[in-house]
Amino acid sequence: MQSGKVALGFRQSGSHRIVDLAECHVITPELFSLLAPLRRLLRSQSGRWAVDIELTQGDQGIDCGLRNFAMDGLEATEAVLEFAQAHSLARVTVDLGYGSETVWEPEPVTVTLGGVAVSLPPGAFLQATLDGEAALVAAAREWLAASEIVADLFAGLGTFAFSLAGKVAAYEASRDAHLVCRLAAARSLPSLESHHRDLFRNPLQPEELSRFDGVLLDPPRAGAREQVAHLARSAVDRVVYISCNPASWAKDARTLVDGGFRLAELRPVGQFRWSTHVELASLFLR
Ligand SMILES: C[S@@+](CC[C@H](N)C(=O)[O-])C[C@H]1O[C@@H](n2cnc3c(N)ncnc32)[C@H](O)[C@@H]1O
């Protein structure tokens, strides 16, 4: 955004250039319909800004997070509130470098995971699309149907944990995500326990893993080198590995195979249409 001129869209592949979106067949029509009003809102701000905008469809409507957005003074604040009200947004948060500040949230925002409403912390990780999420969850449910107690590692808000049939112990490093998962589980799914844990620095040890008859992991792009090394040395014989990065998945898969696992099934999930990005759902057995 530069003195009244606004380019609103995604970055061009391999570049910092923003491609100003005229149409988009990737995001949902509901999200796309917000782009014109967002352009008007951004145009009302003075100066040169690179604003990061995050739009999420929650149970109550659209959650809009604005980062590096100068909401200085009463007029700017009123413009944001009018924008939120006019478009029936579920929430607007503004982050000027000190964390997300909620400026509009008539009702607490939730997302429903496995039938359970879970509070949505601003900026929390969610799978990018509902159908991508459904395909990944279906694979996990199928492969872990007979498991009585499952560890869900890198669990986030509980996308998988709330959808699995047996008892689940969820492990997650983000405090916000762990706390909302714990709260929703206490209210609606007592068979789910949520643990706050950094699995890079403090992965589950082979003896801790021995109480599980299935382990699901869904790490960030870097993969889960330390955790997978412990899994390879554990007594666990069923691992469901969900990955957003085939390169780190391949390295971790090598470690599992060297530890005696075989790759029983692999399902690519094209969650990001018209991109080369692919998610993997995989089942390792021994
Ligand atoms: C790809 S997301 C998956 C989240 C969840 N499984 C889902 O489908 O919504 C990876 C998750 O790993 C968490 N994470 C990142 N580094 C971590 C670490 N060192 N230990 C534990 N969790 C971590 C992130 O906060 C994020 O929630």
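Counting restarts for each chain: residues are numbered from 1 in the order of the written sequence. Only residues with pLDDT of at least 70 get local features here, since the model is predicted, and only at 80 or more are side-chain atom pairs given and counted; chain-wide, interface and lining totals rely on the full set of residues. Computation of side-chain values covers all heavy atoms of the structure but excludes hydrogens and water.

- As recorded by an unreviewed UniProt entry, the protein chain carries the name 23S rRNA (Uracil(1939)-C(5))-methyltransferase RlmD and is attributed to Tsuneonella deserti.

1. Digging into the nonpolar core
Where a protein is soluble and globular, its nonpolar side chains tend to be buried together.
Turning to step 1, where the next piece is worked out: In this text, buried Ala, Val, Leu, Ile, Met, Phe, Trp, Tyr and Cys residues form a nonpolar core when linked through side-chain atoms within 4.5 Å. Under the scheme applied here, a residue whose accessible area is under 20% of the maximum for its type counts as buried, over 50% as exposed, and between as partly exposed, the area being computed with a 1.4 Å probe on protein chains only. If you look at the biggest cluster of nonpolar residues, it comprises 35 residues, and the most contacted ones within it are Val-118, Leu-157, Phe-160, Phe-162, Leu-192 and Val-240.
Turning to step 2, where the next piece is worked out: Elements with a contribution of two residues or more to this core: strand 5 (110-113), strand 6 (116-119), helix 4 (130-143), strand 8 (167-172), helix 5 (175-188), strand 11 (238-243) and strand 13 (279-285).
Turning to step 3, where the next piece is worked out: Discounting chain neighbours no more than four positions away, the residues touching Phe-160 are Gln-127, Leu-136, Val-137, Ala-140, Asp-152, Leu-216, Asp-218 and Ile-242. Each helix is a run of H or I in the DSSP string that is no shorter than four residues. Each strand is a run of E no shorter than two, and both are numbered from the N terminus. In what follows, a contact means two residues having at least one pair of non-hydrogen atoms within 4.5 Å.

2. Here we look at unusual backbone geometry
Turning to step 1, where the next piece is worked out: The phi dihedral of Ser-88 falls on the positive side, at around 50°, and the residue is not glycine.
Turning to step 2, where the next piece is worked out: Structurally, Ser-88 is set in the loop between helix 3 (73-86) and strand 3 (91-95).
Turning to step 3, where the next piece is worked out: A residue is classified by how much of its surface remains accessible, and Ser-88, at 57% relative accessible area, is exposed.
Turning to step 4, where the next piece is worked out: Of note in the backbone geometry, Phe-154 takes a positive phi value of approximately 65° without being a glycine.
Turning to step 5, where the next piece is worked out: By the element assignment, Phe-154 lies in the loop between strand 7 (149-153) and strand 8.

3. Some remarks on the domain arrangement of the protein chain
Turning to step 1, where the next piece is worked out: Domain borders in the structure are assigned automatically or taken from a domain database. Taken as a whole, the protein chain is organised into domain 1 (47-104) and domain 2 (110-285).
Turning to step 2, where the next piece is worked out: Taking only C-alpha atoms into account, the centre of domain 1 sits 31 Å from that of domain 2.
Turning to step 3, where the next piece is worked out: Each side of the interface is counted separately: domain 1 has 10 residues, and domain 2 has 9 residues.
Turning to step 4, where the next piece is worked out: Between domain 1 and domain 2 lies a buried interface of about 630 Å² when both sides are counted; carbon and sulfur atoms form 43% of it.
Turning to step 5, where the next piece is worked out: Salt bridges are identified by distance alone: a Lys or Arg side-chain nitrogen within 4 Å of an Asp or Glu carboxyl oxygen. Inspection of the domain 1/domain 2 interface yields 0 salt bridges.
Turning to step 6, where the next piece is worked out: Here the element with the most residues in the side of domain 1 that touches domain 2 is strand 1 (residues 52-58); it accounts for 4 residues. For any pair of parts, buried area is found by adding up, for both, the accessible area (1.4 Å probe) each one loses once the two are put together.

4. Overview of the packing of aromatic side chains
Turning to step 1, where the next piece is worked out: Two rings from Phe, Tyr or Trp (for Trp, the six-membered ring) form a pair when their centres are within 6.5 Å of each other. A pair whose planes differ by under 30 degrees is stacked, one over 60 is edge-to-face, and the rest are tilted. Evaluation of the coordinates by the stated rule reveals 2 aromatic pairs.
Turning to step 2, where the next piece is worked out: Ring geometry for Trp-249 against Phe-284: centres 6.1 Å apart, planes inclined by 40°, an arrangement best described as tilted. Of this pair, Trp-249 sits in helix 8 (residues 246-258) while Phe-284 sits in strand 13; the two residues are 35 residues apart in sequence, bridging distant segments of the chain.

5. A closer look at the packing of helix 7 (residues 225-232) against helix 8
Turning to step 1, where the next piece is worked out: Between N-to-C directions, angles span 0 to 180 degrees; the directions come from axes that are lines fitted to C-alpha atoms, helices contributing only their stretch in contact. The N-to-C vectors of helix 7 and helix 8 enclose an angle of 15°; their axes lie 8 Å apart at closest approach. Put simply, helix 7 runs roughly parallel to helix 8. Two packed elements cross with a definite hand, and for helix 7 against helix 8 that hand is right-handed. For the pair helix 7 and helix 8, contact is made by Arg-225, Val-228, Ala-229, Leu-231 and Ala-232 and by Asp-252, Thr-255 and Leu-256, respectively.
Turning to step 2, where the next piece is worked out: Charged residues are taken to be Asp, Glu, Lys and Arg, nonpolar residues to be Ala, Val, Leu, Ile, Met, Phe, Trp, Tyr, Cys and Pro, and polar residues to be all remaining types, Gly included. Residue composition of the contact of helix 7 with helix 8, by class: 5 nonpolar, 1 polar and 2 charged. These descriptions rest on fixed angle ranges, namely under 35 degrees for roughly parallel, over 145 for roughly antiparallel, 65 to 115 for roughly perpendicular, and the rest for oblique. Each crossing gets its hand from how the near helix is turned against the far one by less than a right angle, where anticlockwise is left-handed and clockwise is right-handed.

6. Notes on helix 3
Turning to step 1, where the next piece is worked out: The terminal C-alpha atoms of helix 3 lie 20 Å apart, and with 14 residues this matches the ideal 20 Å at 1.5 Å per residue to within 8%.
Turning to step 2, where the next piece is worked out: Those residues of helix 3 not exposed but buried are Ala-76, Val-80, Phe-83 and Ala-84. The buried residues of helix 3 occupy an angular sector of 100° when the element is viewed end-on, so they sit on one face. The exposed residues of helix 3 that point more than 90 degrees off its buried face are Leu-74, Glu-75, Glu-82, Gln-85 and Ala-86.
Turning to step 3, where the next piece is worked out: If you follow the buried residues of helix 3, they end up packed against helix 2 (35-43), strand 2 (61-67), strand 3 and strand 4 (100-104). Multiply 1.5 Å by the residue count of a helix minus one, and that product is the helix's expected span. To obtain the arc, one takes the directions from the helix axis to the C-beta atoms.

7. What about the UniProt feature "binding site: S-adenosyl-L-methionine" (unreviewed entry) in the protein chain?
Turning to step 1, where the next piece is worked out: UniProt records the feature "binding site: S-adenosyl-L-methionine" (unreviewed entry) for Gln-127, Phe-154, Glu-172 and Asp-218 in the present numbering.
Turning to step 2, where the next piece is worked out: Looking at the element boundaries, Glu-172 is found in strand 8.
Turning to step 3, where the next piece is worked out: In this structure, Glu-172 is in contact with Phe-154, Ala-155, Gly-156, Ala-177, His-178, His-195, His-196 and Arg-197, ignoring residues within four places of it in sequence. UniProt positions are given in the numbering used here, feature names are shortened, and annotations may be inferred rather than shown by experiment.

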